[in-house]
Amino acid sequence: MTKTAILERHEAQAGPVTGPAASRRAVDDKALLRAAAEAARDLAKANPRIYWADMLASALVGYAALAGAMLLHPTGLALLAGAIAILALYRAGSFIHELTHIRPNALPGFRFAWNALVGIPLLLPSFLYEGVHTLHHAKTRYGTIEDPEYLPLALMKPWTLPLFVVASVLAPVALMFRFAVLTPLSLLSKRLRTIVTERYSGLQINPAFRRRPAERDLARYWRWQEGAASLWAITLLALVITGVVQLRAFVIFLAVAAGVMLLNQVRTLVAHLWENEGEAMTVTAQYLDSVNVPPPGALPALWAPVGLRYHGLHHLLPSVPYHALGEAHRRLCAELGEDSVYHASSHSGLVPLVARLAASTWRGQKPR
């Protein structure tokens, strides 16, 4: 049964629905939600050994390859080392997503270690994501103007897609300026501090989103992480200006960081179908607007690591750790029939998803 047929059957079972196209699936699929809850009943516990081993190994490989890119002069070897550094540091950096969902006491010391080894060196401390990403999962916010991580890209102009991707290449320079310049200056100006907090303290893609000041534990994390990132950015620039760090090495570092951000932005481009027009959506509709790229394809393990290949399933089960999502997917596939709406969120790969999104922007309508 085709995905279109599955959706049409689901809509028919839900009853007639009126309104914009994005609102057509206005009734939750209760069978799907029950099956998902049952499949995840014993999968909610994070395995510390997997988290620590995966994060540390990714960081070690990433920094070793980064050093190789800086030290190896033959162009081919340096480029190969740089590519490995991008993939490994991208995987290590992707754990920022897990930090927003795991319970604070589930992995003692993991947040600090990740920030010290990955977040601060790459100028991506976890406070930029914690307190922001959870809003994306709020049932009444997803896909609306209050969602910091949503833009109706499928309904926008064709030129927005390349701009969306290319802008990420400038992110390392922007982050360097944010922490080396704006952070210390904002301590001297309350007005500037408000601007920095609202507009430049979150990894969001919605330009209309304004962040509120953090409270309680997050406020404490924010202070030390921002201070450490600012000190690192200022120190690194000072070392480059004084010649202690060679300009070539600094440029390679920025290039690798830009590669990490570019890869993440491409992954973000296909994390959702981006077809909502701004109204609130049911959990089922949110799931159908999200993307799974399950096996047998192997490449998604590189461009959507740490469970991100199951992004649609993650929206159904946000508390399930990344290493258990594959098992949850297998259970749901075994439990739900071929006509289940669950399968409508599975896609074959990156290229077809990008092509679908691009075609939608050119036609000015959503593909079915």
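Everything below is about the structure printed above this text.
Since we're looking at a predicted model, the values are computed, not measured.

## Describing the overall build of the protein
When you go through the protein residue by residue, the secondary structure sums to 17 helices and 0 strands. The C-alpha radius of gyration of the protein comes to 21 Å, within 12% of the 21 Å expected for a compact globule of 368 residues. Across its three principal axes, the protein shows a C-alpha extent of roughly 70 × 45 × 45 Å. Within the protein, buried positions represent 50% of all 368 residues. Of the contacts made within the protein by residues no fewer than 6 positions apart, 73% connect residues no fewer than 24 positions apart. Here the protein displays about 17,700 Å² of accessible surface, and carbon together with sulfur accounts for 66% of that area. The average position of the 35 basic charges and that of the 24 acidic charges among the side chains of the protein differ by 6 Å.

## Considering the environment of phenylalanine 95
Structurally, phenylalanine 95 is set in helix H5 (residues 95-99). Each C-alpha atom, one on phenylalanine 95 and one on arginine 111, is 9.5 Å from the other, the two residues being 16 residues apart in sequence. Sequence-distant contacts of phenylalanine 95, defined by excluding residues within four places in its chain, comprise Tyr51, Asp54, Met55, Phe110, Trp114, Val306 and Tyr322.

## Description of the packing of helix H3 (residues 48-71) against helix H4 (residues 75-93)
Running from N to C, H3 and H4 point in directions that differ by 155 degrees, and their axes come no closer than 7 Å. Taken as axis vectors, H3 and H4 run roughly antiparallel relative to one another. Two packed elements cross with a definite hand, and for H3 against H4 that hand is left-handed. Where H3 abuts H4, its residues Asp54, Met55, Ser58, Ala59, Val61, Gly62, Tyr63, Ala65, Leu66, Gly68 and Ala69 lie against Ala78, Ala81, Gly82, Ile84, Ala85, Ala88, Leu89, Arg91 and Ala92. Of the residues contributing to the contact of H3 with H4, the split by class is 14 nonpolar, 4 polar and 2 charged.

## Regarding the packing of aromatic side chains
This model, assessed by the stated rule, comprises 12 aromatic pairs. Where tyrosine 287 meets tyrosine 342, the ring centres are 5.5 Å apart and the plane angle is 10 degrees; that geometry is what we call stacked. Linking tyrosine 287 in helix H13 (residues 283-288) with tyrosine 342 in the loop between helix H16 (325-335) and helix H17 (350-363), this pair joins segments that are 55 residues apart in sequence. Classification of tyrosine 287 by relative accessible area gives buried; the value is 0%. When its relative accessible area of 0% is taken as the criterion, tyrosine 342 is described as buried. Counting every residue linked through ring pairs, the aromatic cluster contains Tyr51, Trp52, Phe95, Phe110 and Tyr322.

## Some thoughts on the nonpolar core
Ranked by size, the top nonpolar core spans 47 residues in total, and within it Tyr51, Phe95 and Phe179 carry the most contacts. If you list the elements that add at least two residues to this core, you get H3, H4, H5, helix H6 (110-119), helix H9 (171-186), helix H11 (216-241) and helix H12 (247-269). No other element matches the 7 residues that H12 contributes to this core. Once you skip the residues sitting within four places of it in the chain, tyrosine 51 turns out to touch Ala46, Phe95, Glu98, Ile102, Leu107, Phe110, Pro321, Tyr322 and His323. Counting residues in hydrophobic clusters, the runner-up holds 22 residues, among them Ala35, Ala36, Leu288 and Ala328.

## Looking at the side chain of glutamate 130
For glutamate 130, the location among the structural elements is in the loop between H6 and helix H7 (133-136). According to the relative accessible area criterion, glutamate 130 is buried, its value standing at 7%. When neighbours within four sequence positions are excluded, glutamate 130 is seen to be in contact with Leu99, Thr100, Arg111, Arg211, Leu218 and Gln225.

## Section: unusual backbone geometry
Cis geometry marks the peptide bond from proline 295 to proline 296; its omega dihedral reads 20 degrees. Within the fold, proline 296 resides in the loop between H13 and helix H14 (300-303). Not every positive phi belongs to a glycine, and arginine 216 is a case in point at roughly 55 degrees. Its place among the elements puts arginine 216 in helix H11.

Scoring rules and cut-offs
Residues numbered from 1 in each chain as written. Predicted model: local features only at pLDDT ≥ 70, side-chain atom pairs only at ≥ 80, totals over all residues. Heavy atoms only, no water. Helix = DSSP H or I, 4+ residues; strand = E, 2+ residues; numbered from the N terminus. Rg over C-alpha atoms; globule rule 2.2 N^0.38 Å. Buried < 20%, exposed > 50% of the residue type's maximum accessible area, 1.4 Å probe, protein only. Contact = heavy atoms within 4.5 Å. Areas by Shrake-Rupley, 256 points an atom, 1.4 Å probe, with all protein chains shown as cover. Lys, Arg positive; Asp, Glu negative; His and termini not counted. Charge placed at Lys NZ, Arg CZ, Asp CG, Glu CD. Axes fitted to C-alpha atoms, helices over the stretch in contact; angles between N-to-C directions. Parallel < 35°, antiparallel > 145°, perpendicular 65-115°, else oblique. Left-handed = near helix turned anticlockwise from the far one by under 90°. Nonpolar A, V, L, I, M, F, W, Y, C, P; charged D, E, K, R; others polar. Phe/Tyr/Trp six-rings, centres within 6.5 Å; stacked < 30°, edge-to-face > 60°. Core = buried A, V, L, I, M, F, W, Y, C linked by side-chain atoms within 4.5 Å.

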